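# Reading the structure
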There are 2 protein chains.
Amino acid sequence: MEAEKRIRPYIRHTPLAPKPNLTDRLPEALQLKLENLQITGSFKVRGAFNNLLSADPEKIKRGVVVASGGNHGLAIAYAAAKLKVPATVILPQNASEDRIKRIESWGAAVLRVGQNPSDAILAAEEMATTKELLYIHPFESETTWAGAGTVGLEILNDLPEVDCALIAIGGGGLISGVATVLREHRPDIRIIGVEPCGAPKMSAAISGGGLVELLDVKTIADTLAPRVASQSTLDTCSRLVSEIALVSDEMMVEAMRFLWREYNQLAEPAGSAVLAALLGGIVDVSAYKNPVAIICGGNAAAQPVFEAYAGGANALEPYTPALKRISRG
Amino acid sequence: MEAEKRIRPYIRHTPLAPKPNLTDRLPEALQLKLENLQITGSFKVRGAFNNLLSADPEKIKRGVVVASGGNHGLAIAYAAAKLKVPATVILPQNASEDRIKRIESWGAAVLRVGQNPSDAILAAEEMATTKELLYIHPFESETTWAGAGTVGLEILNDLPEVDCALIAIGGGGLISGVATVLREHRPDIRIIGVEPCGAPKMSAAISGGGLVELLDVKTIADTLAPRVASQSTLDTCSRLVSEIALVSDEMMVEAMRFLWREYNQLAEPAGSAVLAALLGGIVDVSAYKNPVAIICGGNAAAQPVFEAYAGGANALEPYTPALKRISRG
């Protein structure tokens, strides 16, 4: 696979984590693909490198522009910095300060446009046209999926007998790329998609027989919340995905807590969605011998943790406590 | 090594993480030993298994008792559950609810005694005597260090040319165990200990030529805050440790943020102390070819993250958004 060769020097082969501890709330055989430990904290960096490494060298010299308040922006900023490509990331005004700082720390230019993601997308497309820059959509292109598909290749390498995969659905790029790879090598595999019930753009499109635009989305899993899939991801999911499970915000928060307590992994809500489907009893994979759930992203808003510790930090530092010598023996 | 054979089936070989991203704030060659990904979130489980697996089988049938508000208690509770040994963990009244829940979820009995760790220790020792239970001190015994020393064996396995190691000091069990192993195989290695400046029980003891009891400790790194080392860890550190660096709470919080941003790892303050020493410029390892810093524990108080997400969760679930069908091309 071309994408695999292209991006391998730049990405991590993330680990499969077996069921770790003493819980009986998950099937014994379940393994988690910890893609939250990928560089930049999500699978998105795979597609980012695949796009930049296969683009027209002349165009790329002028630079790349993307619209994203999330993991796609982080991934492009990182890959562009690594490959010395000028990058611009366009975000909605309400994007989180933390993500902006991280994107800027990697040298990308940040622009804030409009109140919601579609404003940022329009601005990015316009800038790409007027300045002749490379524009990379977060999930629509086959180059992006092919990058995401390398997650599937790693799973096949580490667990050749994989017979069931749980994969979260935002715009559908990850599941399209991974399902394509897995079905090719394991035709009978069960592929289970997971969407927030407050952002069911793919399940509604499949059940309705055509693309839908959600007029409103309500979910804490911001990276699973596009209002519309794309025709190509819909076609691929219709063909390759066995079922789509819907999970609530509460189930995702519970799964985040579980993942932290049992695996010491802090994942974002989207990253815990697949576990939420299992813990919540929405899907049952107990019939499978080698099921894998992909923890797709780790970029939770962790600032409250650091703020709490900073608030408790000793303000009188450097501090030297009084002490008493203890005589030997 | 006996401990290695004994505990290997029960523990994880944790990964070495290379310098990941684009930061120039750390030496290029530095690798992090991610012991925060160990089962139960810290190296302590290595000593826990080594103690339980080498104890008198008759005594262990009656059970084990420990005093700990932190990682030692979690580790014993987990190892005891795995080995089907009855366990009691005695905590101070102010121990965190989250740790108590986790200990209880693994089937251990939890008792709350007194206001500070020494009250809990006295109670645990007394219970061990009256009920003839196994008592396991958090860092004093050689069996505990030998367990911790397997961290060093893994480092030697993965990076045989290791020439510098940074290791945090609580009571000194981890550094005693690891330094013993590393010096045996790499006599010229530089071993750097790191303590909070608000809890410098080991550096004060070494510089003063004998054990000291700190009359007060002030640090957010609760797992590095014993008031006194032990004679045996002091003797070992005096012999094997090259230098001890002191870090402030603020430096540890900054290192926690850095570790999250650059490595997607949430570690507790103790786990970030070694990085704090590097980022804060307290120690300089740029002269070394293969330096390793041990991230000793991951059990940060992450509850504020989950609470923030739970607060933002959609309360109207299950929620089905309105949608608009999009006609095909």
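Owing to the predicted nature of the structure, the values given are computational and were not obtained by experimental measurement.

So, about the nonpolar core. With 133 residues, the main nonpolar core has A:Leu32, A:Leu275, B:Leu32 and B:Leu275 as its most contacted residues. Contacts of B:Leu32, omitting those with residues within four sequence positions, involve B:Pro15, B:Leu16, B:Ala17, B:Leu259, B:Tyr263, B:Leu275, B:Ala293 and B:Ile295.

Glancing now at the packing of helix 9 (residues 201-208) of chain B against helix 10 (residues 231-240) of chain B. Residue and element names in this part refer to chain B. Where helix 9 meets helix 10, the axes come as close as 10 Å, and the angle between the chain directions of the two elements is 70°. With respect to helix 10, the axis of helix 9 lies roughly perpendicular. Handedness of the helix 9/helix 10 crossing: right-handed. Contacts from Met202, Ala205 and Ile206 in helix 9 reach Thr233, Leu234, Cys237 and Ser238 in helix 10. In terms of residue class, the contact of helix 9 with helix 10 is made up of 5 nonpolar, 2 polar and no charged.

Residue and element names in this part refer to chain B. Mapped onto the elements of the fold, proline 18 is located in strand 1 (residues 16-18). Sequence-wise, proline 18 and leucine 30 are 12 residues apart; in three dimensions their C-alpha atoms are separated by 6.6 Å. With residues up to four places along the chain from it excluded, the contact list for proline 18 reads Leu30, Gln31 and Tyr263.

With that settled, consider the pattern of salt bridges. Residue and element names in this part refer to chain A. Counted under the stated rule, the structure contains 31 salt bridges over all chains. Of the charged contacts, one joins glutamate 154 and lysine 33 as a salt bridge, the two residues approaching to 2.7 Å between their closest N and O atoms. Linking glutamate 154 in helix 7 (residues 142-158) with lysine 33 in strand 2 (residues 31-34), this pair joins segments that are 121 residues apart in sequence. Residue glutamate 154 is classed as buried on the basis of its relative accessible area, which comes to 2%. Of the residues examined, lysine 33 reaches a relative accessible area of 0% and is grouped as buried. Note that glutamate 97 and arginine 112 form a salt bridge whose closest N and O atoms lie 2.8 Å from each other. Here glutamate 97, found in helix 5 (residues 97-105), pairs with arginine 112, found in strand 5 (residues 109-112); they are 15 residues apart in sequence, far enough to count as distant. With relative accessibility at 45%, the residue glutamate 97 sits in the partly exposed group. A relative accessible area of 34% places arginine 112 in the partly exposed class.

All names here are of chain A. Read from one edge to the other, the open sheet built from 6 strands follows the order 1-2-11-7-8-10, with strand pairing classed as mixed. Only two strands of the sheet have a single neighbouring strand rather than two, namely strand 1 (16-18) and strand 10 (243-247). Taken pair by pair, the neighbouring strands of this sheet meet at an average axis angle of 25°, ignoring direction. Seen against the sheet, helix 9 (residues 201-208) touches strand 8 (190-196) and strand 10 and runs at an angle of roughly 135° to strand 10.

As a further point, take the pairing of strand 2 (residues 31-34) of chain B. All names here are of chain B. Side chains Gln31 and Lys33 of strand 2 all project onto a buried face; the interleaved residues Leu32 and Leu34 project onto the opposite face, where all are buried too. Across 3 bridges, the pairing between strand 1 and strand 2 is antiparallel. By the bridge assignment, proline 18 is partnered in strand 2 with glutamine 31. Where strand 2 and strand 11 (residues 291-295) come together, 4 bridges link them in parallel fashion. Across the sheet, the residue bridging to glutamine 31 is valine 292, located in strand 11.

Residue and element names in this part refer to chain B. For helix 11 (residues 249-263), which comprises 15 residues, the first-to-last C-alpha distance of 20 Å matches the rise-based estimate of 21 Å (1.5 Å per residue) to within 8%. The buried fraction of helix 11 amounts to 11 of the 15 residues, a majority that puts the element mostly inside the structure. Along helix 11, the positions that sit buried rather than exposed are Asp249, Met251, Met252, Val253, Ala255, Met256, Phe258, Leu259, Trp260, Glu262 and Tyr263.

Definitions and cut-offs
- Residues numbered from 1 in each chain as written.
- Chains lettered and ligands numbered in written order.
- Predicted model: local features only at pLDDT ≥ 70, side-chain atom pairs only at ≥ 80, totals over all residues.
- Heavy atoms only, no water.
- Core = buried A, V, L, I, M, F, W, Y, C linked by side-chain atoms within 4.5 Å.
- Buried < 20%, exposed > 50% of the residue type's maximum accessible area, 1.4 Å probe, protein only.
- Contact = heavy atoms within 4.5 Å.
- Axes fitted to C-alpha atoms, helices over the stretch in contact; angles between N-to-C directions.
- Helix = DSSP H or I, 4+ residues; strand = E, 2+ residues; numbered from the N terminus.
- Parallel < 35°, antiparallel > 145°, perpendicular 65-115°, else oblique.
- Left-handed = near helix turned anticlockwise from the far one by under 90°.
- Nonpolar A, V, L, I, M, F, W, Y, C, P; charged D, E, K, R; others polar.
- Salt bridge = Lys/Arg side-chain N within 4 Å of Asp/Glu carboxyl O.
- Pairing = 2+ DSSP bridges.
- Expected span 1.5 Å × (residues − 1).

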